[in-house]
Each structure stands twice: as structure tokens, then as C-alpha cells.
Amino acid sequence: MCGLVGFLGEVSIQGTPENEKLLKQMADTIQHRGPDDGGYWCDVDKNIGLGHRRLSIVDLSPAGHQPMHSTSERYVLVFNGEIYNHLNLRSELEKSGNIAWRGHSDTETLLAGFTAWGIQGTLERSIGMFAIAVWDRQTSSLTLARDRIGEKPLYYGWQGSGNSAVFLFGSELKALRAHPAFRAEVDRGALSLLLRHNYVPAPYSIFKGISKLNPGCLLTVSMHHREPEVVTYWSGAQAAISGVANRFTGSATQAVDELETLLKDAVRQQMMADVPLGAFLSGGVDSSTVVALMQMQSPRPVKTFTIGFNEAGYNEALHAKAVAKHLGTEHTELYVTAEQAMAVIPRLPALYDEPFADSSQIPTFLVSQLARQHVTVSLSGDAGDELFCGYTRYQMTANHWHKMSLLSVPLRKLIAQGLKGVSPQAWNRLAAVLPRSMNGTNIGNKLHKGANLLASGSVDALYLGLVSHWHDPASVVIGGLEPATLLTGNAPDLPALDEIERMMALDMLTYLPDDILAKVDRASMGVSLESRVPFLDHRVVEFAWRLPQAMKLREGQTKWALRQVLYRHVPKELIERPKMGFAVPLQDWLRGPLRDWAESLLDEARLEREGYFHPAPIRQKWAEHLSGQRNWTPHLWCVLMFQAWLEENGPAT
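Along each chain, the written sequence defines residue order, and numbers are assigned to residues from 1. In keeping with the predicted nature of the model, local features appear solely for residues at pLDDT of at least 70, side-chain atom pairs appear and are counted solely at 80 or more, and the whole-chain, interface and lining totals rest on all residues. Hydrogens are left out, water is left out, and the side-chain values use all remaining heavy atoms of the structure.

*Asks:* Help me get a handle on the overall build of the chain, residues and values and all.
*Replies:* By the criteria applied, helices consist of DSSP H or I runs no shorter than four residues and strands consist of E runs no shorter than two, each listed in order from the N terminus. A count of helical and extended segments in the chain gives 28 helices and 17 strands. Dimensions of the chain along its principal axes, counting C-alpha atoms only, are 80 × 60 × 50 Å. In the chain, the proportion of contacts linking residues at least 24 apart, taken out of those at least 6 apart, comes to 73%. By definition in these notes, contact holds between two residues if any of their heavy atoms fall within 4.5 Å.

*Asks:* Describe the sheet that holds strand S2 (residues 37-43), with residues and values.
*Replies:* Judged by pairing direction, the sheet is antiparallel, and its six strands sit side by side in the order S2-S3-S1-S9-S8-S10 without closing on themselves. Two strands close off the open sheet at either side, each with one partner strand: S2 and strand S10 (211-212). A pair of strands is treated as paired once DSSP finds two or more bridges between them. The pairing of strand S8 (residues 155-159) with S10 spans two bridges and is antiparallel. Note on S10: the bridge partner recorded for tyrosine 156 is serine 211.

*Asks:* Give me the lowdown on the packing of helix H6 (residues 236-245) against helix H22 (residues 538-546), citing residues and values where you can.
*Replies:* Axis definition: a line fit to C-alpha positions, over the contact stretch in the case of helices; interaxial angles, taken between N-to-C directions, run 0 to 180 degrees. Axis separation between H6 and H22 bottoms out at 7 Å; the angle between their running directions is 45°. Taken together, the axis directions place H6 and H22 in an arrangement best described as oblique. The chirality of how H6 crosses H22 is right-handed. For the pair H6 and H22, the contacting residues are Ala239, Ala240, Gly243 and Val244 in the first and Glu542, Trp545 and Arg546 in the second. Here roughly perpendicular refers to angles of 65 to 115 degrees, roughly parallel to angles under 35, roughly antiparallel to angles over 145, and oblique to all remaining angles. Helix crossings fall into two classes, left-handed where the near helix is turned counterclockwise from the far one by less than a right angle and right-handed where it is turned clockwise.

*Asks:* So what about the packing of aromatic side chains? Which residues, and what values?
*Replies:* Only rings of Phe, Tyr and Trp enter the pairing, Trp through its six-membered ring, and a pair is recorded when the two centres are within 6.5 Å. The plane angle decides the type: under 30 degrees is stacked, over 60 is edge-to-face, the rest tilted. Applying the stated rule across the entire model yields 16 aromatic pairs. A centroid spacing of 6.1 Å and a plane angle of 75° characterise the contact between tyrosine 391 and tyrosine 511, whose relative ring orientation is edge-to-face. Taken together, the positions of tyrosine 391 in the loop between helix H13 (384-388) and helix H14 (392-404) and tyrosine 511 in helix H21 (residues 511-525) put the pair 120 residues apart, joining distant regions of the chain. In terms of burial, tyrosine 391 and tyrosine 511 fall into one category: buried. Accessibility here uses a 1.4 Å probe with only protein chains present; expressed as a share of the type maximum, an area under 20% marks a residue as buried, one over 50% as exposed, and anything in between as partly exposed.

*Asks:* Go over the nonpolar core with me, naming the residues and quoting the values.
*Replies:* Only buried Ala, Val, Leu, Ile, Met, Phe, Trp, Tyr and Cys residues count toward a nonpolar core, and they belong to the same one when joined by side-chain atoms within 4.5 Å. Formed by 175 residues in total, the largest nonpolar core has its most connected members in Ile132, Trp545, Phe613, Trp637 and Phe642. Ranked by the residues each element gives to this core, the list is headed by helix H28 (residues 633-649), at 10 residues. Grouped together as the second largest cluster of nonpolar side chains are 22 residues, Trp41, Tyr156, Trp158 and Cys217 included.

*Asks:* Can you tell me about the sheet that holds strand S11 (residues 217-221), naming the residues and giving the values?
*Replies:* Spatially, the six strands line up as an open sheet ordered S4-S5-S6-S7-S11-S12, and their pairing is antiparallel. The open sheet terminates on both sides in strands that have one partner only, identified here as strand S4 (68-69) and strand S12 (229-232). Alignment of S11 against S12, held across four bridges, turns out to be antiparallel. Bridge pairing links leucine 218 to valine 231 in S12. The strands touched by helix H3 (residues 106-125) are S4, strand S5 (75-83), strand S6 (128-136), strand S7 (141-146), S11 and S12; relative to S5, the strand with the most contacts, the crossing angle is about 100°.

*Asks:* So, helix H15 (residues 409-420): which residues are in play, and what are the values?
*Replies:* By this rule, a helix spans an expected 1.5 Å times one less than how many residues it contains. The terminal C-alpha atoms of H15, which comprises 12 residues, lie 16 Å apart, in line with the 16 Å expected from a rise of 1.5 Å per residue. For H15, the complete set of buried residues consists of Arg412, Ala416 and Leu419. Down the axis of H15, the buried set is contained in an arc of 60°. They therefore lie on one face. Exposed side of H15, more than 90 degrees from the buried face: Pro410, Leu414 and Gln417 are the residues found there. Against the buried residues of H15 lie H14, helix H16 (424-431) and helix H18 (443-453). By arc we mean the arc of the directions from the helix axis to the C-beta atoms, nothing more.

*Asks:* Now, about the pattern of salt bridges: what can you tell me, with residues and values included?
*Replies:* Salt bridges are defined by distance alone: a side-chain nitrogen of Lys or Arg within 4 Å of a carboxyl oxygen of Asp or Glu. Scanning all chains against the criterion turns up 36 salt bridges. Two residues, arginine 568 and glutamate 260, come together in a salt bridge whose shortest N-O distance is 2.6 Å. Within this pair, whereas arginine 568 is found in the loop between helix H23 (560-566) and helix H24 (586-591), its partner glutamate 260 is found in helix H7 (residues 252-270), the two being separated by 308 residues in sequence. Judged by its relative accessible area of 39%, arginine 568 falls in the partly exposed class. Counted as one network, the salt bridges with shared partners bring together Arg33, Lys152, Glu172, Lys174, Arg177, Asp353, Asp521 and Arg522.

*Asks:* Give a detailed account of the side chain of arginine 196, specifying residues and quantitative values.
*Replies:* Mapped onto the secondary structure, arginine 196 falls in helix H5 (residues 188-197). A polar contact of 2.8 Å, which involves the side chain of arginine 196, links it to the side chain of glutamate 482. With residues near it in sequence (within four places) discarded, arginine 196 still touches Leu464, Val467, Ser468, His469, Trp470, His471, Pro473, Glu482 and Thr488. Polar contact criterion, stated in full: a pair of N or O atoms within 3.5 Å, where within protein one must be able to donate a hydrogen and the other to accept it, and residues adjacent in sequence count only if both atoms are side-chain atoms.

*Asks:* Explain unusual backbone geometry to me, using residue names and the numbers behind them.
*Replies:* Residues apart from glycine generally show negative phi values, whereas peptide bonds are mostly found in trans. Here the bond from glutamine 66 into proline 67 is cis, since omega is 0°, no more than 30 degrees from zero. If you trace the backbone, proline 67 turns up in the loop between strand S3 (48-54) and S4. In the Ramachandran plot, cysteine 389 falls in the positive-phi region, its phi being about 65° despite a non-glycine side chain. Inspection of the secondary structure assignment puts cysteine 389 in the loop between H13 and H14.

*Asks:* With reference to specific residues and values, describe the environment of leucine 8.
*Replies:* Here leucine 8 lies in strand S1 (residues 2-8). What makes leucine 8 buried here is its relative accessible area of 0%. Between the alpha carbons of leucine 8 and lysine 46 there is a distance of 8.2 Å; along the sequence they are 38 residues apart.

*Asks:* Break down the environment of tryptophan 637 for me, with residues and values.
*Replies:* In this structure, tryptophan 637 sits in helix H28. Tryptophan 637 gets classed as buried once you look at its relative accessible area, which sits at 1%. The sequence separation of tryptophan 637 and threonine 139 amounts to 498 residues, and the corresponding C-alpha distance is 47 Å. In this view, tryptophan 637 contacts Ile345, Leu348, Ala357, Ser359, Gln361, Ile362, Leu586, Leu590 and Trp597; residues no more than four positions away in its chain are not counted.

*Asks:* Run through the pairing of S8, naming residues and quoting values.
*Replies:* In terms of residue burial, S8 counts as a mostly covered element, since five of its five residues are buried. Hairpin connection from S8 to strand S9 (residues 166-170): six residues lie between these consecutive antiparallel strands, with glycine 160 at a positive phi of about 100°.

*Asks:* So, the side chain of aspartate 353: which residues are in play, and what are the values?
*Replies:* Tracing the backbone through its elements, the reader meets aspartate 353 in the loop between helix H11 (348-352) and helix H12 (361-372). Given the relative accessible area of 1%, aspartate 353 is considered buried. Within the structure, the side chain of aspartate 353 is placed 3.0 Å from the backbone nitrogen of lysine 174, a separation counted as a polar contact. Here aspartate 353 is in contact with Glu172, Leu173, Lys174, Arg177, Leu348 and Trp645, once residues within four sequence places are set aside.

*Asks:* Provide a residue-level description of the pairing of S1, including the pertinent values.
*Replies:* The element S1 is largely enclosed, with a buried count of seven among its seven residues. Because side chains alternate across S1, one face comprises the buried residues Cys2, Leu4, Gly6 and Leu8, and the other comprises Gly3, Val5 and Phe7, equally buried. Where S1 meets S3, seven bridges bridge the pair, whose relative direction is antiparallel. From the neighbouring strand, glycine 6 faces S3, where its bridge partner is leucine 50. Where S1 lies against S9, four bridges are found, and the strand directions are antiparallel. Among the inter-strand pairings, valine 5 is bridged to a residue of S9, identified as glycine 170.

Purely geometric stuff here, so don't read any function into it on its own.
In C-alpha cells:
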């Protein structure tokens, strides 16, 4: 796992030594992604420079140094990620002739593949996670590429104007900011998206003129063709469509057998490393499945890691410990105090590089930090929910829509007005007289949120409302007009997918890469730990979409087929329990030990002076939250993470 940087275009600094110095300055900003080695290459005549930071995982020798040149000298490559089937690719390449390999890195395998099959042909054959930048000396063109689902980040964009403009690219925004041509300002449309989603979805970034390359895409640009040409070499939407159109027709037992075989092979390939390796273990279905399949293929106990909290309702460590004991792993757990968790918060603006407001970023960083003390690579169970229908919101949304759609929109609006005409506190008082089984937690908040969704005109609109935080971000962000996304106007055509499958597909295309995978990448790479996700082997993804929905959601139980794989290795009673999630008691911290910090960032005069937010709606929610009337944590955390990021990075030019 590594980090890459580069530029294409004329710069004021002339000469190879000075350009390499500039590349080093850019690369040093992401040294955490690759603390073991650094490399820099430029061609002044062609105005191209490539920089790299290396975290040595496979082939620890100098033969893995980057930037790396192909044997033919046509291609120069910087590469972040892992190609898990690269030894198979080597065998295939060797059939066409003798190749004098210099080492055993997957970087060298990619370059040989580019020569034999072309860049796109090689990536289509590859199983892995990656972001690459490759310079083609023959065509004087630059190609950027990103893995199929979006595990590895890649930013790019022209900065400057006319012939003096420079095309910048890199693994993190901070690398682009280190280039003297960088002049981007905050994109208020992207800021609006942050308030809705907790993250800035691709292809947008927080800066105008800077984009994220979409997963599964190749981008080509040159000084002669400055408008980037983007092609899709793999499509998650198409994988869903093809899977539904070509359903698995075998028995349930055959489906579970096939799924276990695919997962075992994915796990086996992802255990490839020349450094210590382990796994995150929460004790839930997904991480337990990954660890079980690791342990059955490992000659020694797998190193597993979990963090625990003493606060009731937030601690999964006991469950993880029971699973680890059953599987016989070498388990390490750390109980984290509230003070230790809150100490992470000042690091978040630099760690996440652009504003990011999924509060599970805190425990994700802590478990990564724990694992890095023992290993350099850690496997995780991410993506099980999106692929195997694990989120209860899928069923809840479909059920609500079926009931809502029986009523006319005007009637639903009338009901909504009635629900919102009673304060959340009054609803809570009314609910207090009901039996405990009917009472619920903070039912007033839930009724008010539900009222906002009653006027939804489609199941897609209802789902957008459920996964949104600020429902009208443009009313909060000064000059903030939301650009269209896959959830707000640019939804892909997904024929033949039912309501639940549509939600799963949209999550796989948006929430998974832009929230879950971004969170894990920044947290793990922030401590120089490589995180791998076996569920995102594209063969597993494609097979998951072929499974009939009844093999994912059966009699109200989520992830049915995946659970059957797990129960071959771990007793059901160790797993069956309500889904807990990976959270911290942030709402209480904001009313207590984080209150002064938050008040400083949300100060009305400060908000007016900085000019990004209308203070009134933010101050109202802050006051209601402090009083205990409402829990506005998700809304406030979005604003706080932007404010903290702005403070860290300074005002935009």
C-alpha cells in the first residue's frame, strides 16, 4: 500500500533536480501512506512528473521501488494498492515468452501486462484494489485508473489557466495543495452534499476544479488533449443488472457452497504479504466470516484486533472475544476510555484531508492504531451489508413505502402537518404512558423525521430522505446549490431490480466507496496500515448479485447465505444478536466534554465572518441539542467537521 502524486504541465521551476524537489514536497505530505521509501521521476521536456511513497508489503527489496519503468521503457508507473492475482498473471505472461523478472512485485507484473495487453486489458484481468498513474512515453499521455469498487482514492484536476495550467493528481488532497499551481476554492455545492450525506460523493471534491476519479474508470489526458477522456472498464451498476438477469438457479446448499468457495479464494489471495498480517474482528457476521476463513487456511493463529468501550450499548468486544476464542485466534483487545476516543478528534481534519463526518471514523482509527502495533496488513469485513442485504433500512423503507403509497400525497401531507404540530417532547410524554414494548426511544424525534418523509413521491425519494441528514442543505450553505448525484437526479437505470435491490445497488455505488471505504482507507493509512476487503473481490461482488433475494433476506433475517457460510465455522449462538454498529456516544459528548470545542466552532459571529453557513438554523439545532429536546448529532457533526477542516486548512483563496 502506498501513495502517489504527480503533475502534467509547465511549471515555473525548471530543471530535473528542482522538479524532483517539488515532487518530494508533494509526496512528503502523504508519507504516512508510505513510510518505507520514496521515489521521484520527471521528464522536463514532456512536463511530466511522478512521485511515490512506499509501504512495503510484497517484495520488500529495492526491486519494488517506484516509479518503475517497463522493460521496454515505454511505461513509467506509480501504483497504490495490491494485485492479489498477480502471480497468476505472471504465469500467463510467461506463456507468451521468456520474461526476465527483476523482482516479485505486483508493480512489475502490471508493467509487463501493459506491454502485452494494454492498460485496460491488464486491469480487466486483475483482481485487486488500486489507484495508478502511468505515463506512456510513446503517446506522451497520462493514464489514471481506480479499482472497481473504489477502495483506493485518486484526486485530479487542472489548476491555473491557459497554457500555464497544470494537471495535478494524487492519493490525497494535501499532496495537490503542496503544488504552487494549486488555487482551488471551496466548492459550496460539494459542501451542500457533505451536509446531506456526511461525505462528499465522487466525482466531486470539496475544492472547485478538483475531482475524484470514479471507481472502475480509466482517465487519459495529455498536453495535446487537455480535456480528460474517461472510460468505464467495470461497472457496479452493470454487475447488478447482469446478476439479476442471470440468477443462480441451483439449490440453497449449492449457493452456500459456491459462496464459501469464492470467499475462501478471495481471503487466501488477500493473505498474500511479506509482512505480518491480521484482521479486524467485531464479532459480527461479516468480520467473523473473514476471520474464520483466514484461520482455516492459516498454519498458525491469525492475529485479530478489536476495541471495546465501557459505555453500555457501544461495546462489541465481548462478542469478538468469544468468536476469537472459538476460532483460536491470537486476539488483542483494547478498552478505550472516552478521553482516548475524544483525543482523536483534533487529528480528524488532517487525517481525512477533506471534510468527512461519519462519526465511526473515531473507533475505526483507534482499531487501526491498535492493529498497526502488531501487523502491517489487516483484513476487514466491510461491504457485507451492501452485498448481502444487511441494513435493516432496506426492509424498513420498502415496508413504509408500501403502506404510504396507499394514501394520496395530499392526505400524507396533512398527516405530516398533524405529526409536526406536536413537539417531540410532547410526543415523548404521550408515549411514556404506553407499555414499555410500545414506548421506544425518543419517539418524538422519530415521528418528526417520519413526517418529513411522508410526502415522498417514490421509494427512491423516501430512501434519499432516510439516508439524508440536512434535508435542505442549500438553505444552510450560503450559495450552496446541490449538484446532481446518483441519489439526486443522476440515478443509473437499474431495470428488473426490486425496491430493496435498488437501495442495495445505490449504496454499493455511493455510500460504500464514498463513506465506508474512504473512512477505512484514511484511518488505516493514517497509521501506515494496509486494510484489505475480501468481500470486494469482484468475483464475489458479481456472484452476490446473482443470488436470489430470498437467499439474502429470508423470513426477516438479513445476509442469510453469508450466515450459512459462517455457521459452518462458528456456532450460531455466538453471532445471533441485534446489530450494534461501530459508534461512540457522540451526542452525550457534545453536551458535555466537547461542548466548549463545538461552541467555538459554531459561534454565530464566527459563522457570519467565515461566510459559508447561515448561522440561524445551525444555532437553533445546537440550542435544541444542548437542552436535550432533540438529538441533532448527525446534522451538527457535519458542520463541525467542516469547521474543524477549515480551521486546519486555512481560508480558501
